[in-house]
Amino acid sequence: MNKVIKHRLDVWKEEPLYWNLMSGIDKRLYESTISKSLIDIIKIRVSQINKCAFCVDYHTQDALKNGETARRIFALSAWQESPLFTDTERAVLEVVEEITFIFNHGVSDGAYEKLKSFFTEKEIADIIIGICHMNFLNRVGISTKTTAI
């Protein structure tokens, strides 16, 4: 990202090992069999829910560079009603919301079973890690007031 980033605390600068570890998770996720498009959708939707403006901006730009359409990104917050998402994407987006709002009721058996109809157990593990990873990064970004100026 070619933007000046402002923080009240740059945790990555204070302890670069944390960034190396987080980058390693991201790198591993992109090496998985989960499509880049689906990873981008996960990152954007998690960031929308958490209201992490920096991450929404950053990952939307990535998604557009990776070939995602603006129309689908605009519709992402209304994925349940939108005809623009596949059943596979809907299954993932349901789990995105259940994990991000984990305090409500965890991940339901129904949502997990839907994932199983589209993905292997290893892929489900990758999806869960990807969702949790993005939630972690959102929490760091929001708590440190990370903004791009």
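Numbering of residues starts from 1 in every chain and runs along the sequence as written. It should be noted that, the model being predicted, local features are given only for residues of pLDDT at least 70 and side-chain atom pairs only at 80 or more, the latter also being counted only at that level, while totals for whole chains, interfaces and linings use all residues. Water and hydrogen atoms play no part in the side-chain values, which are based on all heavy atoms of the structure.

Colleague: Even after reading the chapter, I still don't get helix H4 (residues 53-65), so can you show me in this structure?
Modeller: What counts as a helix is a DSSP run of H or I of at least four residues, what counts as a strand is a run of E of at least two, and both are numbered from the N terminus. By definition here, a helix of n residues has an expected span of 1.5 Å times n minus one. Spanning 13 residues, H4 covers 18 Å between terminal C-alpha atoms, matching the ideal 18 Å at 1.5 Å per step. Per-residue accessibility, obtained with a 1.4 Å probe over protein chains only, is compared with the maximum for each type, and a residue is labelled buried under 20%, exposed over 50%, and partly exposed between these values. Three or more residues of H4 are buried, namely Phe54, Cys55, His59, Thr60 and Ala63. The contact definition used throughout considers only heavy atoms, calling two residues in contact when any of these lie within 4.5 Å. The secondary structure elements touched by the buried residues of H4 are strand S1 (5-6), helix H3 (36-50), helix H5 (70-75), helix H9 (121-143) and strand S2 (147-148). Gly67, located one to two residues past H4, shows a positive phi value of around 105 degrees.

Colleague: Help me understand the environment of Val96 in this model?
Modeller: Its location among the elements puts Val96 in helix H6 (residues 87-100). C-alpha of Val96 to C-alpha of Ala125: the two residues are 29 residues apart in sequence and 13 Å apart in space. Val96 has contacts with Ile42, Arg45, Val46, Ile49 and Ile131, leaving out every residue within four places of it along the chain.

Colleague: Help me understand the pattern of salt bridges, please; the structure alone is not making it clear to me.
Modeller: Two side chains with opposite charge may pair up if their charged atoms get near one another. Here a salt bridge means any side-chain nitrogen of Lys or Arg lying within 4 Å of a carboxyl oxygen belonging to Asp or Glu. With the rule as written, the count across this model stands at nine salt bridges. A salt bridge links Arg45 to Glu97; the nearest nitrogen and oxygen atoms lie 2.9 Å apart. You can see Arg45 sitting in helix H3 and its partner Glu97 sitting in helix H6, a full 52 residues away along the chain. The same class applies to Arg45 as to Glu97, namely buried. The residue Lys116 makes a salt bridge to Glu113 at a minimum N-O spacing of 3.6 Å. Taken as a pair, Lys116 and Glu113 lie in helix H8 (residues 109-116) at a separation of three residues, close to a single helical turn. Taking relative accessible area as the criterion, Glu113 reaches 44% and is therefore assigned partly exposed. Each member of the salt-bridge network shares a partner with another, and the members are Arg28, Lys122 and Asp126.

Colleague: Help me understand unusual backbone geometry, please; the structure alone is not making it clear to me.
Modeller: With the exception of glycine, the majority of residues adopt a negative phi angle, and the majority of peptide bonds are in the trans configuration. Despite not being glycine, Lys51 has its phi angle at roughly 60 degrees, a positive value. With respect to the helices, strands and loops of the structure, Lys51 is situated in the loop between H3 and H4. In this structure, Lys145 takes a positive phi of about 55 degrees despite not being glycine. Structurally, the position occupied by Lys145 is in the loop between H9 and S2. Since its relative accessible area comes to 51%, Lys145 is described here as exposed.

Colleague: Mind showing me how you'd approach a nonpolar patch on the surface here?
Modeller: A grouping of Phe101, Ile102, Phe103 and Val107 is seen on the molecular surface, where their side chains present a nonpolar patch of about 380 Å² in accessible area. Take Phe103: its relative accessible area is 65%, and that puts it in the exposed class. Nonpolar side chains (Val, Leu, Ile, Met, Phe, Trp, Tyr) are joined into patches within 5 Å and like charges within 9 Å, using only residues with over 30% relative accessible area and no salt bridge. Throughout, the Shrake-Rupley method with a 1.4 Å probe supplies accessible areas, and for residues the shown protein chains are the sole cover considered.

Colleague: For this particular structure, what's the right way to read the packing of H3 against H4?
Modeller: In helix packing, the relevant descriptors are the interaxial angle and the interaxial distance, both defined with respect to the helix axes. Close contact between H3 and H4 brings their axes to 9 Å; oriented N to C, the two are set at 160 degrees. For the element pair H3 / H4, the angle class is roughly antiparallel. As for how H3 packs across H4, the hand of that crossing is left-handed. Across the interface between the two elements, Asp40, Lys43, Ile44, Ser47 and Gln48 from H3 touch Cys55, Val56, His59, Thr60, Asp62 and Ala63 from H4. When residue character is reported, Ala, Val, Leu, Ile, Met, Phe, Trp, Tyr, Cys and Pro are called nonpolar, Asp, Glu, Lys and Arg charged, and the others, Gly included, polar. When its residues are assigned to classes, the contact of H3 with H4 shows four nonpolar, four polar and three charged. To get an axis, a line is fitted to the C-alpha atoms, and for a helix only the part in contact is used. The angle between two axes follows their N-to-C directions and goes from 0 to 180 degrees. If an angle is under 35 degrees, it is roughly parallel; if it is over 145, roughly antiparallel; if it lies from 65 to 115, roughly perpendicular; otherwise it is oblique. Crossings are sorted by hand: turned counterclockwise from the far helix by less than a right angle, the near helix makes the crossing left-handed, and turned clockwise it makes it right-handed.

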